[in-house]
Amino acid sequence: MEAFQLLSRGGARFDKQRFLSDVQLFNKTAQKDPKGKGKGSVTSHDFELPAELDFFKYAKGGTGKRKATEKVGNPGGKRRKVGDGSGDEDENEDEDGGEPEEDGPTQKHRVTTKGSDVPQHIDSFEALRERYPVPQRLLANLADNSYKHPTGIQSYGIPILMESRDLAAISPTGTGKTLSYLLPIMSNLGSPASGSNSDAGVGVRAIVLAPTRELAHQIYNECLKLAVGRKWRVILFSKATASTLGDKNVRDKVDIIISTPLRLVASIQEGNLDLNNVRHLVLDEADRMLDSEFLSQVQEIVAACTHPTIQKAVFSATLPAGAEKLAMGMLRNPIRVVVGLKDTPLPLIAQSLTYVADDASKLPSLLTYLSQPYNPPVLVFTSTQPRATSLAEELVLNGIPNVDCLHAGMTNKEREDAVSRMRKGESWVMVSTEVMARGMDFKGVREVINYDFPTSVQSYVHRIGRTGRAGREGKAVTYFTDEDGPYLKSIANVLLQSGSTVPDWIVKLPKPSKMKKKQMGKIKRAETVNAARKIGRNDAIKKRDMIAGSKRRKAKEHGPTDRDEGVSNFSG
DNA sequence: AAAAAAC
């Protein structure tokens, strides 16, 4: 059920027929309903998933024992002290009662909270109304968009935000974070400023910041769905919409702005925008927003929000210690909620590492991959814009159908068109840079390929998080070359953590010390080569990868020999 | 560590 609701959010078109098979895959209790596959006979009631079938499924295997529990509320109003975020967590856990299953859904997930006076979580959206004055229309819009049962982060995060508390929320990719903050914002704002809302004050009252235009747009779309039927003024900030704020009558009646940081800063500096009436500020993809390039912009925005009772919240699937410290410093008496394991991908995503000797071997590998049956659309990540462009060109030249490309070097229109094709299912292979790595919700994406090795664990987690969304299964393949050796182990650990398997030799790689990383890079490069050769001889390990390897060599003979500059300049 | 993205 939940998976169904999640699937039907976001801007992407949603194929019920296609989803039906997925649900049955997950839902052992569901009766097979051949009629359900018939045209037009599928309704949401046809596939009630058990409530415990949450998005978060703990995979078997991985590293040792794994706790898979659900934290249940905060009985007795137990106080919790906010700590530094690292180290031990003050947890309150409870078994969920379900039995772990071999291959089906594991019916357990874990939520941990930290902070004082944590509000009781909700078990249903209806329960919200019993506790808070949520506008009827908002709940109706929720239902109209097939949101029926809250996910973990929604269950815990929404009451916290409803009670005007500051929140740091960490929840895996594709688990419904957007709704977790939009619903409380719209509820707490009460009614649009343009109406007879005496409490509205003057000027924008809520701001959501996101790192990319595409993501801001997606959040905006979500917001519009919840805004149906009321005269909310929600603005997706851009040069054009920002200029409309020159009109004071417009400016004073804005309710919510969704924006990227720099655009907002520009308007503040132009004197077109006053943030002193902002009561809700959300940083989506918080760790990204707090890294060096965005930090000063975000700080400027935070400083401009001078309303005494402003509520701040940060959301992400990953929050490294440094970013968390910064975030906690911004928040007032915050509650920290972690769903699942921080910095860890969903176990629903089957991850693998594929050895490709060097950069020149990547294209043949990918072509081989795409010559075999695959589930479009496939999302392919490269490290730079030129590499994205030239890889897309190469694929087209090699006859791969419906190849698209998306990076920030393209014009706004090109970017919008690419997203639109993706949403319509017209893209089969989408080649992109990090711009697509975070937050984007394309329901159909079943496979992600890291053509270029991700430059951080966080990048890896977010990239592969474009699949496996809303309870679906996904697949992620990561190419690595000899040069990626120094960072291989850290990514391999992520795979292990989330239940995927990793060849032994990678697990045994020594941990690179920071000081000697560069030096060790050379040593390890040799180790990687040797170990990778061993794999080639070992039938037991990663059949797929070996297939890819041999096909790669074959494809190389027939494949194009001349390579675009953009593709070859990777190995500096 | 390093590129990308933000206007």
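Refer to the structure presented above.
Model, not experiment: these values are computed from the prediction. (Residues numbered from 1 in each chain as written. Chains lettered and ligands numbered in written order. Predicted model: local features only at pLDDT ≥ 70, side-chain atom pairs only at ≥ 80, totals over all residues. Heavy atoms only, no water.)

Chemist: Which residues make up unusual backbone geometry, and what values do they have?
Modeler: Note that the residue after Pro376, namely Pro377, is joined by a cis bond; omega there is 0°. Counting through the fold element by element, Pro377 comes out in the loop between helix H14 (362-371) and strand E10 (378-381). Of note, Asp117 is a non-glycine position whose phi angle comes to about 50°, a positive value. With respect to the element layout, Asp117 can be found in the loop between strand E1 (111-114) and helix H3 (125-131). (Helix = DSSP H or I, 4+ residues; strand = E, 2+ residues; numbered from the N terminus.)

Chemist: Requested: an account of the side chain of Thr178, with residues and values cited.
Modeler: Mapped onto the elements, Thr178 comes out in helix H6 (residues 177-189). In this view, Thr178 contacts Ile219, Glu222 and Asp284; residues no more than four positions away in its chain are not counted. (Contact = heavy atoms within 4.5 Å.)

Chemist: Let's hear about the sheet that holds strand E4 (residues 234-236): which residues, and what values?
Modeler: Across the sheet, which stays open at both edges, the 8 strands sit in the order E1-E8-E2-E7-E6-E3-E5-E4 with mixed pairing between neighbours. Whereas interior strands pair on both sides, the edge strands pair on one side only; in this sheet they are E1 and E4. The average angle at which neighbouring strand axes cross in this sheet is 10°, direction not considered. Note that E1 and strand E8 (residues 335-339) share 4 bridges and pair antiparallel. If you follow Thr112 over to E8, its bridge partner there is Val338. (Pairing = 2+ DSSP bridges. Axes fitted to C-alpha atoms, helices over the stretch in contact; angles between N-to-C directions.)

Chemist: Give me the lowdown on helix H7 (residues 213-227), citing residues and values where you can.
Modeler: With 15 residues, H7 should reach 21 Å at 1.5 Å per residue; the first-to-last C-alpha distance of 21 Å fits that figure. Here H7 lies mainly inside the structure; 11 of its 15 residues are buried. Looking one or two places after H7, you find Gly229, whose phi comes out positive at around 90°. (Expected span 1.5 Å × (residues − 1). Buried < 20%, exposed > 50% of the residue type's maximum accessible area, 1.4 Å probe, protein only.)

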